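Observations on chain architecture
Each chain, written out:
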Amino acid sequence: MNRKRLFPLLVVLALISTAGAQELTGSWQGALEVMGAKLRLVFNFEQSDSGWTALLDSPDQGAKGIPCGQVRTPADSLIVEVPVVHGSYLALYSPDSLRYDGVWRQGGLELPLQLVKSDQPVQMNRPQEPRPPFPYRSEEVTIPNKRASLTLAGTLTLPEGEGRHPAVILITGSGAQNRDEAIMGHRPFWVIADHLSRSGFAVLRCDDRGTGASTGDIASATSLDFAGDVAAQVDALIRRPDIDKKRIILAGHSEGGLIAPMVAAKNKKIAGIILLAGPGVTGEKIMLAQGELIGRAAGQDEATVKQNRRIQEILFAIMKEGGEGLEEKLRAAMTAQRSEMSASEQAAMTDQLINMQIKQLASPWFRFFLTHDPAPVLRKVKCPVLALNGELDLQVPADENLAAIASALHAGGNKRFETHKLAGLNHLFQTAKTGGVDEYSLIEETFSPRALELMTNWLARDFYTLMP
């Protein structure tokens, strides 16, 4: 799908190969040049009685084992289809250079791609990833949410020593996230947990429901359901003899920053909350701003940015109207927009892709997120609050959301809060150049030390002095 349109797919790619079985079997590596950045690809080929099969890895995007479609090897040519991303790769084998020279095609784009056979795994440099020895204990835990009839699985890190420890519960962002909030080859929640446990805090991080080792159904869940899962985690910590039940803090990233106030507003036992790129306005406002900012960062002209916003507004209006025949209305709107696209864009905007977009838009999660206003919930939060945003955050823009969070807290009479816009940081709190999503995997830093120190200093200064 063309990046200039509203309905983007994660840029994951596909490939082709040729030559004999002894040449093609194995892993072939290459890189695409995308907006000045290199996107590494690894194709893993196997031959069976029924022919060739292939799996694609995109290490820089944190994607692994993407199934490829038909793999053909006519003469000295290689053709690999990747239906999942509506892409294909055409290549010729060069026996002199022992490589494939070809073109990756997707949504009207044609990008050169060379592949070389290699048995060496692609290495991702992540210097902040925790390494032993660890000056704290790690305990694998299971936590029942009886109301939802599910069990959450997670890791609790505990400082060495006896007594009751203050505790931080980490709350993931949107989508099916594991306990480390793994994304684009990074594991930010592991980095945060390691830092805070080295600073004297117990830290609980869990797989989302229906993800990793946790049970339950994530497809039908909304932010309210995830808030119930966090409440179950709070109850579990309160029952532990090694946790100080008067010093339990919630720290949520992105959607997690929407969920933390929901829990704190209802449970007065929550001692404080940290909002990392947390929303302060409705999902609709966030999505509209996000579309414009990401579009401009990707090099779209203003006419295209405005056109994409208009498409979003049409779809969101249909969503808010609701009623019967929602999916049919969305399909009609998308089909009408497709008719206005170029020939290459129309070819990429298949019925299958439209159906995928409709499923996402009509999901319970998206319908809740679109219209939920965090302000009324924030007005009910009375505990201390630390809200952080990156200056280069294109997904939850800092200025609008930090101002809305501060306004709501102040309106509710909460004077124990502070907000910080951190220069040069993106949505993942990495030190970035543009804030674009395409940078996430290319940046070696997982989570800015500046943000980590702000969190730790706030916990040590304000939290300890405010709590008995």
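1. Notes on the pattern of salt bridges
Across all of its chains, the model carries 24 salt bridges by this definition. For the salt bridge of Glu160 with Arg137, the shortest nitrogen-to-oxygen distance reads 3.9 Å. Here Arg137 lies in strand β10 (residues 136–145) and Glu160 lies in the loop between β11 (150–159) and β12 (165–171), a separation of 23 residues in the sequence. Ionic pairing is found between Arg240 and Glu139, a salt bridge with its closest N-O pair at 3.0 Å. Of the two residues, Arg240 sits in the loop between α3 (223–238) and β14 (243–253) while Glu139 sits in strand β10, which places them 101 residues apart along the sequence. Here the residues in one salt-bridge network are Glu129, Asp180, Arg187 and Arg205, joined through shared partners.

2. Quick look at unusual backbone geometry
Comment: phi is negative for the bulk of residues other than glycine, and the bulk of peptide bonds are trans. Pro132 connects to Pro133 through a cis peptide bond whose omega is 5°. As for its placement among the helices and strands, Pro133 is situated in the loop between β9 (109–117) and β10. A positive phi is found at Ser149, a non-glycine position, where the angle reads about 55°. Assignment of secondary structure puts Ser149 in the loop between β10 and β11. For Ser149, a relative accessible area of 68% gives the class exposed. A positive phi is found at Phe429, a non-glycine position, where the angle reads about 65°. Turning to its location among the elements, Phe429 is positioned in the loop between β17 (417–422) and α13 (449–466).

3. As for the state of the cysteines
Inspection of the entire model under this criterion finds 0 disulfides. Cysteine Cys206 shares no disulfide, and the gap to the nearest cysteine sulfur, in Cys383, comes to 20 Å. Among the residues examined, Cys206 registers a relative accessible area of 5% and is labelled buried.

4. Section: the environment of Pro397
Examined against the element boundaries, Pro397 turns out to sit in the loop between β16 (385–390) and α12 (398–411). Residue Pro397 is classed as buried on the basis of its relative accessible area, which comes to 11%. Between the C-alpha atom of Pro397 and that of Ala182, which follows or precedes it by 215 residues, the distance is 22 Å.

5. Some remarks on the sheet that holds strand β15 (residues 270–276)
What the 8 strands build is an open sheet, ordered β10-β11-β13-β12-β14-β15-β16-β17; its pairing is mixed. In this open sheet, the two strands that pair with only one neighbour each are β10 and β17. Taking each pair of neighbouring strands and ignoring which way they run, the sheet shows an average axis angle of 20°. Where helix α4 (residues 256–266) meets the sheet, it contacts β12, β14 and β15, and its direction lies at approximately 165° from that of β15.

6. A look at the packing of helix α5 (residues 283–297) against helix α10 (residues 364–371)
Where α5 contacts α10, the two axes come as close as 5 Å, and the packing angle between them is 90°. Taken together, α5 and α10 sit at an angle that is classed as roughly perpendicular. Counting all contacts with α5, which are made through Gly283, Glu284, Ile286 and Met287, the residues of α10 involved are Phe366, Phe369 and Leu370. Split by residue class, the contact of α5 with α10 holds 5 nonpolar, 1 polar and 1 charged.

7. What about the nonpolar core?
The biggest cluster of nonpolar side chains holds 72 residues, and the ones touching the most others in it are Leu250 and Ile273. With 8 residues, α3 is the single largest residue contributor to this core. With sequence-adjacent residues up to four places away left out, Leu250 is seen in contact with Ile169, Ile171, Val230, Val234, Ala260, Val263, Ala264, Ile270, Gly272, Ile273 and Ile274. Counting 26 residues, the second-largest nonpolar core is a separate cluster that includes Val34, Leu78, Val85 and Trp104.

8. Some thoughts on the pairing of β11
The side chains of a regular strand alternate between the sheet's two faces. With 9 of its 10 residues buried, β11 lies for the most part within the structure. In textbook terms, the turn of a hairpin is the stretch between consecutive antiparallel strands, and for β10 and β11 this stretch comprises 4 residues, one of which, Ser149, has a positive phi near 55°. As defined by bridge partners, β11 adjoins strand β13 (residues 202–206) across 4 bridges and the pair is classed as antiparallel. Looking at the pairing, Leu156 lines up with Leu204 of β13.

9. Points about the environment of Leu326
In this fold, Leu326 is placed in helix α7 (residues 326–338). Judged by relative accessible area, which is 8%, Leu326 ranks as buried. Note: C-alpha distance between Leu326 and Asp242 (84 residues apart in sequence) is 50 Å.

10. With respect to the side chain of Asn401
Of note, Asn401 is situated in helix α12. Judged by relative accessible area, which is 0%, Asn401 ranks as buried. When neighbours within four sequence positions are excluded, Asn401 is seen to be in contact with Gly278, Pro279, Gly280, Val281, Ile286 and Val396.

Criteria and thresholds
- Residues numbered from 1 in each chain as written.
- Predicted model: local features only at pLDDT ≥ 70, side-chain atom pairs only at ≥ 80, totals over all residues.
- Heavy atoms only, no water.
- Salt bridge = Lys/Arg side-chain N within 4 Å of Asp/Glu carboxyl O.
- Helix = DSSP H or I, 4+ residues; strand = E, 2+ residues; numbered from the N terminus.
- Buried < 20%, exposed > 50% of the residue type's maximum accessible area, 1.4 Å probe, protein only.
- Disulfide = S-S within 2.5 Å.
- Pairing = 2+ DSSP bridges.
- Axes fitted to C-alpha atoms, helices over the stretch in contact; angles between N-to-C directions.
- Contact = heavy atoms within 4.5 Å.
- Parallel < 35°, antiparallel > 145°, perpendicular 65-115°, else oblique.
- Nonpolar A, V, L, I, M, F, W, Y, C, P; charged D, E, K, R; others polar.
- Core = buried A, V, L, I, M, F, W, Y, C linked by side-chain atoms within 4.5 Å.

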